[in-house]
Each structure stands twice: as C-alpha cells, then as structure tokens.
Amino acid sequence: NIMANICLTTWKVLGNKSQLDQLNTSIENAMIEEGSFLDVVTNLGGTEEDISDCRYGYISENSFDESGQILTVSLESDWIEPAQFRQFILRQFNDITILYSSEEPECEYFETNDKDSKFFLHFKCFDGEDMEFRTLEEACEYYAGTTGEEVHTIEEINELLDDSGEWRPFMEAAVVED
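Residue numbers restart at each chain and count upward from 1, following the sequence in its written direction. This being a predicted model, a pLDDT of at least 70 is required before a residue's local features are given, and a value of 80 or more before pairs of side-chain atoms are given or counted; all residues contribute to the totals for chains, interfaces and linings. Values reported for side chains reflect all heavy atoms of the structure, with hydrogen atoms and water molecules removed beforehand.

### Remarks on the overall build of the chain
Item 1. On a plain count of helices and strands, the chain comes out with six helices and nine strands.
Item 2. Referenced to the eigenvectors of the C-alpha coordinate spread, the extents of the chain come out at roughly 55 × 35 × 25 Å.
Item 3. Looking at the chain residue by residue over its 178 residues, the buried ones come to 44%.
Item 4. At a minimum sequence separation of 6, the contacts of the chain that also span at least 24 residues come to 57%.
Item 5. For accessible areas, the Shrake-Rupley method is used with a probe of radius 1.4 Å. Any residue's cover is judged against the shown protein chains and nothing else. In the structure as shown, the chain presents an accessible area of about 9,600 Å², 44% of it carried by carbon and sulfur atoms.
Item 6. The positive count covers Lys and Arg only, the negative count covers Asp and Glu only, and His and the chain ends enter neither. To locate a charge, take atom NZ for lysine, CZ for arginine, CG for aspartate or CD for glutamate. Between the averaged position of the 10 positive side-chain charges in the chain and that of its 41 negative side-chain charges there is a distance of 8 Å. For the purposes of this entry, the term helix denotes a DSSP run of H or I that reaches at least four residues, the term strand denotes a run of E that reaches at least two, and both are numbered from the N terminus. With a 1.4 Å probe rolled over the protein chains alone, any residue whose accessible area is under 20% of its type maximum counts as buried; one over 50% counts as exposed, and the rest are partly exposed. Residue contacts are defined here by distance: any two heavy atoms, one from each residue, within 4.5 Å place the two residues in contact.

### Looking at the nonpolar core
Item 1. Residues Trp11, Val13, Phe85 and Ile89 are the most contacted members of the largest nonpolar core, which totals 22 residues.
Item 2. Elements with a minimum of two residues in this core: β1 (6-15), α1 (17-32), α2 (37-43), β3 (71-78), α4 (83-92) and β4 (96-104).
Item 3. For this core, the element with the most residues is α1, which contributes four residues.
Item 4. Ignoring sequence-local partners within four residues, the contact set of tryptophan 11 consists of Leu71, Thr72, Val73, Leu75, Glu81, Phe85, Arg86, Ile89, Ile98, Leu99 and Tyr100.
Item 5. Side-chain atoms within 4.5 Å are what join buried Ala, Val, Leu, Ile, Met, Phe, Trp, Tyr and Cys residues into a set we call a nonpolar core. Residues Cys125, Met131, Cys140 and Ile157 belong to the second largest nonpolar core, which totals 14 residues.

### What about the sheet that holds strand β7 (residues 131-133)?
Item 1. Here the rule is simple: two strands pair whenever DSSP picks up at least two bridges between them. Across the sheet, three strands lie side by side as β7-β6-β8; this open sheet has antiparallel pairing. A single partner strand is all that each edge strand has here, and the edge strands are β7 and β8 (170-172). Taken pair by pair, the neighbouring strands of this sheet meet at an average axis angle of 20°, ignoring direction.
Item 2. Pairing analysis gives three bridges linking strand β6 (residues 123-125) to β7, with the strands arranged antiparallel. The partner of phenylalanine 123 across the bridge, within β7, is phenylalanine 133.
Item 3. Only the stretch in contact is used when a helix axis is fitted, and all axes are lines through C-alpha atoms; the angle between N-to-C directions ranges over 0 to 180 degrees. Of the strands in this sheet, β6, β7 and β8 are in contact with helix α5 (residues 136-147), which crosses β7 at around 130°.
Item 4. Lying on the sheet, helix α6 (residues 154-163) is in contact with β6 and β8; it crosses β8 at an angle near 160°.

Here it is as structure tokens:
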C-alpha cells in the first residue's frame with residue numbers, strides 16, 4: 001500500500017500505567033508484522049467498521065520515556081492525522097490521554113491537540129532541523145538575531161526564508177480540540 005503524501009504524527013500517551021502497558025504490547029505485537037494500524041486494530045478485537053476505518057497507516061516507532069509513564073508513538077498515514085485510529089485506541093483504553101502533533105509540510109498541514117505545549121510547540125520551521133518555537137515572538141527574535149532583519153509575522157518569516165533561496169516553510173500549528 002503506497003501512501004500519497006505522508007503525514008507524520010507523534011503521539012504522547014499518558015495515563016493509567018496498566019493501560020499504557022497493554023497498548024504498548026498491542027503495538028509491539030503489531031510491529032512483528034508490518035506495524036500497520038490494521039494489525040493493532042485486529043489485535044485489539046476491532047469490529048469490521050473499526051478495521052475499515054483504520055486500515056491505512058503504519059506505526060514506525062514506539063518507546064517509553066525514562067519514567068515509563070509516557071509512551072511515544074510515531075505514525076505515518078495519508079495526508080492528515082489518523083483521527084479514526086486515535087479515537088479507536090481511546091475507546092479501547094478509556095483511562096489514557098493522547099496528545100499529538102501531526103505534519104505534512106508539503107501540503108502546509110501542521111496541527112496539534114496539545115494546546116498548552118506540554119510536549120509539542122506551536123511554531124515550527126520545516127528546514128531539515130525542524131526548529132520549534134513556543135511563541136511567534138520567540139521565532140521572530142530568533143530570525144531577527146540570525147539574519148539581522150526585523151520580522152513580526154509568519155508571512156515575513158516565510159519571505160525571509162524564501163529570499164534565502166530555499167523553500168523552508170515556517171508554520172503555526174492549528175490547535176484543535178478533541
């Protein structure tokens with residue numbers, strides 16, 4: 001299954017440790033196969049509708065932080081954040097929370113549900129280094145300091161980057177409610 005434009009999504013999963021361990025085990029079991037969303041949904045006893053809704057996409061990586069309390073999951077899907085897969089997981093494990101950041105820079109898609117920037121900052125330059133900033137002001141100060149040009153808006157930052165001869169979009173994440 002070849003995906004059109006690949007959307008990269010990172011989850012930070014928090015909550016009940018037993019449910020985090022169960023989810024991680026389901027992901028680990030799916031990774032033995034292809035690591036597809038379909039493998040995870042099937043392993044968790046999803047319905048035909050769940051299987052149909054969640055068949056496109058893959059998990060590329062999963063790991064716990066040092067405390068064992070936060071599970072990070074990296075996903076690849078078509079175009080946008082795999083909301084149906086995330087909602088399926090949340091239905092299976094009702095005592096966890098999933099905060100995510102999702103991006104497809106070529107389609108100028110960048111969103112998060114992490115409204116407080118606990119894990120994911122809201123401003124990012126997709127330049128290979130993927131520099132992230134908490135606020136637009138912080139980004140403007142950085143670019144003014146590195147280029148000597150004063151900037152105040154996302155558009156001005158993008159003009160500055162465009163003038164450098166490389167297209168490296170600077171974007172603000174759409175902050176979405178679940």
